[in-house]
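# A look at the structure
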Amino acid sequence: MKTNFFEQISTFAFEGNMLLNIHNDNKGQLTVSVVLRKGEISATAGNTLPPMTIGGTAAELDEAFFTELTTPVKQTIGLIHNLETYQKELDKAKNKNPQNIKKAKAAIEIDDDNDSDEPDDLFARQADDKQEKAEKKRLYDEAMEKAKELAKQMKYTEALAQLPDPADYPEQAEILNKKRREIQTSKDTYDKLTQQFND
């Protein structure tokens, strides 16, 4: 039997791995979760992207699987690209040699009276630092908002996975730990209620 499943998958034009997990319950309902991964991303957020989940009967999935998946896959590819860019900038910042910064500061002090029109490296570095901080803050805000939305939808496991790592944001560690405890408490309560209902 010929299918065009892999031709359809190739239209997403992603790099890396697409992981598919298919769950079949005893009522004929299938739940497919799709996760995109790219090995170059070592930022924690890259490994905590929530899965894209689609459910329905086999016939419904045959009909709508790729249509439903197109937008979230494109958004996830964009997010992965942003994470890669962020990771590269982070690596650049880590690789800056403190000795060179000291030499640059010393050179600025010596040439203090020089009215050169050339831009100063120190200011360029400050602009880079501001840009990195702004990007880091944007990623933090997006992750927190996503976690909040997922928690509202009672997708607590995904919300927990979406929360930034306190090690990456030490200045926000207290807020992150508090939020993690809140979501975990809600998850535990929800799991207990679900268990009682199923019993």
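Just above, that's the structure.
First, a word on scope: everything that follows refers to the structure included in this document. Starting from 1, residues in each chain are numbered consecutively following that chain's sequence as written. Whole-chain, interface and lining totals are the exception, using all residues; otherwise, since this is a predicted model, local features are given only for residues with pLDDT of at least 70 and side-chain atom pairs are given and counted only at 80 or more. Just so you know, side-chain values use all the structure's heavy atoms and leave hydrogens and water out.

Quick look at the overall build of the protein chain now. Helix and strand assignments come from DSSP, with helices taken as H or I runs of at least 4 residues and strands as E runs of at least 2, each series counted from the N terminus. When you go through the protein chain residue by residue, the secondary structure sums to 6 helices and 3 strands. Scanning the protein chain from its N terminus toward the C terminus, one meets helices and strands in the order α-β-β-β-α-α-α-α-α. Looking at the protein chain as a whole, 26% of its 199 residues are labelled buried. Look at the contacts in the protein chain between residues 6 or more apart in sequence, and 52% of them connect residues 24 or more apart. Put simply, the protein chain shows about 14,400 Å² of open surface, and 51% of that area lies on carbon and sulfur atoms. The classification of residues rests on relative accessible area computed with a 1.4 Å probe and restricted to protein chains. Under 20% of the type maximum is buried, over 50% is exposed, and intermediate values are partly exposed. Residue contacts follow a heavy-atom distance rule, with two residues in contact if any of their heavy atoms lie within 4.5 Å. The accessible surface values rely on the Shrake-Rupley method and a 1.4 Å probe; as for residues, cover is taken only from the protein chains in view.

For this analysis, a salt bridge means a side-chain nitrogen from Lys or Arg found within 4 Å of a carboxyl oxygen belonging to Asp or Glu. Counted according to the given criterion, the structure contains 6 salt bridges. The salt bridge partner of Glu135 is Arg138, with a shortest N-O separation of 2.7 Å. Taken together, the residues span about one helical turn, with Glu135 and Arg138 both in helix α4 (residues 121-152) at a distance of 3 residues. For Glu135, a relative accessible area of 24% translates into the label partly exposed. Of the charged contacts in the structure, one is a salt bridge between Lys152 and Glu149, with a shortest N-O distance of 3.8 Å. In this pair, Lys152 and Glu149 are both assigned in helix α4, 3 residues apart and thus about one turn of the helix distant.

On to the nonpolar core, then. The set of buried Ala, Val, Leu, Ile, Met, Phe, Trp, Tyr and Cys residues whose side-chain atoms join them within 4.5 Å is what this entry labels a nonpolar core. Formed by 16 residues in total, the largest nonpolar core has its most connected members in Phe12, Met18, Val34, Phe65, Leu69 and Val73. Among the elements of the structure, β2 (30-37), β3 (52-56) and α2 (58-95) are those that each provide at least two residues to this core. Broken down by element, this core gets its largest block of residues, 6 residues, from α2. For Phe12, the contacting residues outside a window of four places in its chain are Met18, Phe66, Leu69, Thr70, Val73 and Ile77. Core analysis: the second largest hydrophobic core is formed by 15 residues, Leu83, Ala147, Ala151 and Ala159 among them.

Of note, Thr11 is situated in the loop between α1 (5-10) and β1 (17-24). Along the chain, Thr11 and Thr70 lie 59 residues apart, while their C-alpha atoms are 9.3 Å from each other.

Reading across from one edge, β1-β2-β3 is the order of the 3 strands in this open sheet, with antiparallel pairing throughout. Strands at the two margins of the open sheet, each flanked by one partner only, are β1 and β3. Taking the axes of each pair of neighbouring strands and ignoring which way they run, one obtains an average angle of 15 degrees across the sheet. One ladder, built from 5 bridges, connects β2 with β3; its direction is antiparallel. In the sheet register, Val34 faces β3, and the bridge partner there is Met52. Helix axes are fitted to C-alpha atoms over the stretch in contact, other axes to C-alpha atoms as well, and angles between N-to-C directions run from 0 to 180 degrees. Running at roughly 170 degrees to β3, α2 makes contact with β1, β2 and β3 of the sheet. Two strands are counted as paired when DSSP detects at least two bridges linking them.

Of all 8 residues in β2, 6 are buried; the element is thus mostly enclosed. As judged from the 8 bridges shared by β1 and β2, these two strands associate in the antiparallel manner. Bridge pairing in β2 links His23 to Thr31. Hairpin connection of β1 to β2: 5 residues between the antiparallel strands, including Gly28 at a positive phi of 85 degrees.

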